[in-house]
Amino acid sequence: MSPTSTAPRESEMISEPTSPESPHLAAPAAPIPPAPAAPAAATRPEEGWPIDPALDPRMGETILEIERLSLWYGAKQALHEIWMRIPKRQITAYIGPSGCGKSTLLRCINRLNDLIDEVRVEGRIRFEGSDIFDPRTDVNSLRKRIGMVFQKSNPFPKSIYENVAYGCRIHGIERKRELDEIVERSLRGAALWDEVKDRLDESALGMSGGQQQRLCIARAIAVEPEVILLDEPCSALDPIATAKIEELMVDLKERYTLVIVTHNMQQASRVSDYTAFMYLGEMVEYAPTQDLFLNPRKKQTEDYITGRFG
Amino acid sequence: MSSIQKPSRDRLGDSLTALCGGALALNLLLILALLGLLLANGGGYFWQKPLEELTLADGRVLLGEIHDRKPVAARAGETVAPEAQRIQLKVGNRDLDGIDFLWLDESEIVSRSRPLDTVVLERLEWGNFYGRMVELRRGSELLAAGPEEVWKAFGPLHEEKLREREAIRKLEKGPIGDVNHAIERLRLERRKVALARLPAAAEEARLAGLEAAEREREAEYEALAERLFSLRAALDAEVVLLEAADGRRKELPVGAVVRALRPNTFGFLDKLALNASRLGEFVFDDPRESNTEGGIFPAIFGTVMMVFLMSFAVVPFGVLAALYLREYAKQGPLVRAVRIAVNNLAGVPSIVFGVFGLGFFVYLVGGSIDRLFYPEALPTPTFGTGGILWGALTLALLTVPVVIVATEEGLAAVPRIVREGSLALGATKFETTFKVVLPAAAPGILTGMILAMARAAGEVAPLMIVGMVKLAPALPVDGNFPFVHLERKFMHLGFHIYDVGFQSPNVDATKPLVFATALLLIAVVTTMNLVAIAIRNHLRRKYAGSAV
Ligand SMILES: Nc1ncnc2c1ncn2[C@@H]1O[C@H](COP(=O)(O)OP(=O)(O)O)[C@@H](O)[C@H]1O
Ligand SMILES: [Mg+2]
């Protein structure tokens, strides 16, 4: 796989790492109340939003704002005051050594950590302006809007068709014609249609690993989410399947916001627009991908991306 | 020590492997030996042996089939020639001699022959008759005389009689049974009206109506009974005069003969055909002569139906319990205690379950049902006595731990990540459990069901006190409303084996029957298991690669 395949897509990204305040960022920043940001910014001025809208005019509209998020597994703190804005219809990548909390952070966004006893969360995640931890939030409709693809492909032990239709059935779509249409559209969207259109009734567990992972993507997009979280979606795949999924992610960006965890730095640099480097539960650096890889601002980041680091 | 030599701990491993293989081989051998024993002892039951006519030293003449040969056991102080043998002869003719079998020393036999004109008559009563046919008569009219003539005339006549007997059977089971059933219902209806304490006028009117209906039915019954009577008379119109080997004579209505054979004229193919026909009778007919003859169909039916009822009860119950334990209950000391209790339940002796079933299901639940819904039949109990439903529920209690354990294992084998995949799509926990986890665990659940069915089909002791009987008057399913009669008593292959083998007056005759029935029980259980296994494999293939 050539690392140049998805080379600089946004030329201005490298052109100027810093730029003066830009008017078109004022609007998306508006729904975020300055209140929580202010005290943090006051006490830890270098923290707070790692990408200052003032410094990054290209971020555009954001869909998720993570504000001072901390998380504990029992007594053990796994996330330390994370701040980050996730831009809409872009790909944001989390990188970092394993165990640094990437999955934990990702699973906070669709509240999948709720399933684990003894998890305690502080801080906020705003999704389109409203706090997902608000007790009034309906977790099931939140998860419908924020889909997820897991590290290990996890198709249901059902037919290919039923795997894709499952989410729609759950959300009340029962008409066969409508389902047929959604299944075809989703499988096409996941670049899988041509490979499986003749065996939709066969078990999904008979597919190859790469196909299974794309099926999981099809399953996720079938319910028309706004955000798709991908937790190391290629870690168990061979290079060809990986390339396919990477290509697919770039296509999906047209319609969805993608947040991807990867410990493969080449992958992050190939596909993502923004990259966050995490270490020991902290967000060390968050920047446009090209900036992060070409001009890391923090020593730790530089050590990690140059491989001088455990 | 050179490095390519086999290390000694590897040799230990080899010998352990051999030991394991040996243990498995021994197990297989035991199973094969069991099947072989059953086949050897039960398989011959249907095979017709030649009829031997023996003349003894004291002048007696015996006719029968040789069943067994054994060396003569020496009594104290006696010496016996080593080649001396005793033979067991089935002489039949129980109505003449009172015994079917006798043992005699081979040395007493002066001459042996296999006369072609001797016949075996399988009869509805008194077992087999061995002898010769002398005359065939209708009333005082002589139809045929002499062994050959009678034999020739007997065949067609007998076929006609078999048709007549079938007509009688149909009449008895069909219209007459229905009329009896209707009369009984009307009688109960009358009592119901009497118990209902209606206003006197209304009661009078309804009683009058019911009585009229009953009279109508009774008239119908009279007519049917008359027809039955004339059919019976016709059936018994012809008699065959038989002569035993010792010259005693006996008359027998042709209609009372099940099968007439001249075995000494049989070739191999005849015997094979006879064997098949007897096997069919064994599997599909009702028993005769206190279960020692005829078929065992009601026992097969009872066993299978009871096991099915049990499965219907135990699977939903066990699966729901396992779901709660594994998916919903907070895992802690309490759940662990419940799990231990469930496992211990599997170790409780089965007769204890029978006692519980009697006390709880039969007396408490059944008694309450009777008081609430069948007060008109009291004091005759309807559900308040043993029945197939209570038997099935008792066995369901007995086997529920098996289903719970197997289901829990099936559920535990569904990976967490699959559940998370469903939840991440916005499904609730309930939807995830019932639409993803449960189908994925289906093969495990079926494994539990297979084990439960195998256990239930072999269980006899608890059933003896909750509804299993030696001879049930009617199957639990018939043509009378409501068609399935869960309150009825039922027959069971396991109990049938015990009853035939050890409670029958004629142990010699029924010994092969015990083995044949045991073989059939194994066949029934195996069939049911194979069906369940086929379903499970189908499910597994459908979800290829799925857990469990
Ligand atoms: N269910 C859990 N219970 C307790 N600790 C956990 C749990 N899941 C993750 N952790 C801990 O949280 C930290 C972050 O884990 P994770 O988010 O999985 O890291 P990553 O995905 O970056 O490899 C690790 O130290 C891990 O041991
Ligand atoms: Mg991870």
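Since this is a predicted model, take the numbers as computed values, not measurements.

Q: It is not clear to me how the overall build of chain B should be interpreted in this structure. Could you clarify?
A: From N to C terminus, chain B includes 14 helices and 13 strands. Each of the three principal axes of chain B carries a C-alpha extent, and together these read 105 × 90 × 50 Å. Counting only residues that meet the buried cut, chain B has 29% of its 548 residues in that class. Taking all contacts inside chain B whose residues are at least 6 apart in sequence as the whole, residues at least 24 apart take part in 70%.

Q: Just to check I follow, could you spell out the environment of A:Tyr256 for this structure?
A: All names here are of chain A. Within the secondary structure layout, Tyr256 lies in the loop between α10 (239-252) and β8 (257-261). C-beta crowding within 10 Å serves as the criterion here: with 23 such atoms nearby, Tyr256 is assigned to the buried category. Taking the C-alpha atoms as reference points, Tyr256 and Val227, 29 residues apart in sequence, are found 5.7 Å from one another.

Q: Which parts of the structure should I look at to understand the domain arrangement of chain B?
A: The accessible area lost on association of the parts is a frequent measure of interface size. Here the domain parsing of chain B yields domain 1 (40-130 + 257-282), domain 2 (141-236) and domain 3 (300-492). Each of domain 1 of chain B and domain 3 of chain B was reduced to a C-alpha centroid, and the two centroids are 48 Å apart.

Q: What should I look at first to understand the interface of chain A and chain B in this one?
A: Chain A puts 22 residues into the contact, and the matching count from chain B is 20 residues. Where the side of chain A that touches chain B is concerned, the elements lending two or more residues are α5 (139-145), β6 (146-149) and α6 (160-170) of chain A. Among the elements that take part in the side of chain A that touches chain B, α5(A) stands out by supplying 4 residues, more than any other. Residues that form the side of chain A that touches chain B fall into these classes: 9 nonpolar, 9 polar and 4 charged.

Q: Even after reading the chapter, I still don't get the confidence of the model for chain B, so can you show me in this structure?
A: Close reading of the predicted structure is inappropriate where its pLDDT is low. Confidence in the prediction of chain B, expressed as mean pLDDT, is 85, and 97% of residues score 70 or more. Considering each helix and strand of chain B separately, the mean pLDDT is smallest for strand β13 (residues 293-294) of chain B, with a value of 78, and largest for helix α10 (residues 416-423) of chain B, with 92.

Q: When you look at the sheet that holds β8(A) in this model, what are you seeing that I'm missing?
A: Whether parallel or antiparallel, the strands of a sheet pair through hydrogen bonds between backbone atoms. Residues and elements named next belong to chain A. Taken in spatial order, the 6 strands line up as β6-β7-β8-β3-β9-β10 in an open sheet, and their pairing is mixed. At either end of the open sheet lies a strand with only one pairing partner, and these are β6 and β10 (282-288). The mean inter-strand angle of the sheet, taken between neighbouring strand axes irrespective of direction, is 15°. Where helix α4 (residues 102-109) meets the sheet, it contacts β3 (91-95), β6, β7 (227-231), β8 and β9 (274-279), and its direction lies at approximately 150° from that of β8.

Q: What is the right way to read the sheet that holds strand β2 (residues 76-87) of chain A from this model?
A: Residue and element names in this part refer to chain A. Taken together, 4 strands build an open sheet; the order of strands is β2-β1-β4-β5 and the sheet is antiparallel. Two strands close off the open sheet at either side, each with one partner strand: β2 and β5 (130-131). In the sheet, strand β1 (residues 62-73) pairs with strand β4 (residues 119-127) via 8 bridges, with the strands oriented antiparallel. Considered in β4, the bridge of Glu67 is made with Arg124.

Q: Mind showing me how you'd approach the site of ligand 1 here?
A: In the vicinity of ligand 1, the contacting residues are A:Tyr73, A:Ala78, A:Gly96, A:Ser98, A:Gly99, A:Cys100, A:Gly101, A:Lys102, A:Ser103, A:Thr104 and A:Ile116. When residues of the shell around ligand 1 are assigned to their parent elements, the largest contribution, 3 residues, is made by α4(A).

Q: Looking at this structure, how should I read the nonpolar core?
A: Among soluble globular proteins, nonpolar side chains are generally buried collectively. Among the nonpolar cores identified, the biggest contains 149 residues, and A:Ala218, A:Ile228, A:Leu229, A:Leu258, B:Met310, B:Ala392 and B:Val403 are the most heavily contacted of them. Per-element tally for this core: the top contributor is helix α9 (residues 388-412) of chain B, with 16 residues. When neighbours within four sequence positions are excluded, A:Leu258 is seen to be in contact with A:Ile91, A:Ile228, A:Leu230, A:Met249, A:Leu252 and A:Lys253. Counting 20 residues, the second largest nonpolar core, distinct from the first, contains B:Leu63, B:Tyr130, B:Phe154 and B:Val254.

Q: Whenever I open this one, the pairing of strand β1 (residues 52-56) of chain B confuses me. Can you help?
A: It is a general feature of regular strands that their side chains alternate between the two faces of the sheet. All names here are of chain B. Across 4 bridges, β1 lies against strand β2 (residues 61-71) in antiparallel orientation. Directly across from Glu53, in β2, lies its bridge partner Leu63. Hairpin connection of β1 to β2: 4 residues between the antiparallel strands, including Gly59 at a positive phi of 95°. In this structure, β1 lies alongside strand β5 (residues 109-113), joined through 4 bridges in antiparallel fashion. Each bridged residue has a counterpart across the sheet, and for Leu54 the counterpart in β5 is Arg112.

What counts as what
- Residues numbered from 1 in each chain as written.
- Chains lettered and ligands numbered in written order.
- Predicted model: local features only at pLDDT ≥ 70, side-chain atom pairs only at ≥ 80, totals over all residues.
- Helix = DSSP H or I, 4+ residues; strand = E, 2+ residues; numbered from the N terminus.
- Buried ≥ 20, exposed ≤ 12 C-beta atoms within 10 Å, placed from the backbone.
- Contact = placed C-beta atoms within 7 Å.
- Domains from an automatic or database assignment.
- Nonpolar A, V, L, I, M, F, W, Y, C, P; charged D, E, K, R; others polar.
- pLDDT = per-residue confidence, 0-100.
- Pairing = 2+ DSSP bridges.
- Axes fitted to C-alpha atoms, helices over the stretch in contact; angles between N-to-C directions.
- Near = placed C-beta within 6 Å.
- Core = buried A, V, L, I, M, F, W, Y, C linked by C-beta atoms within 7 Å.

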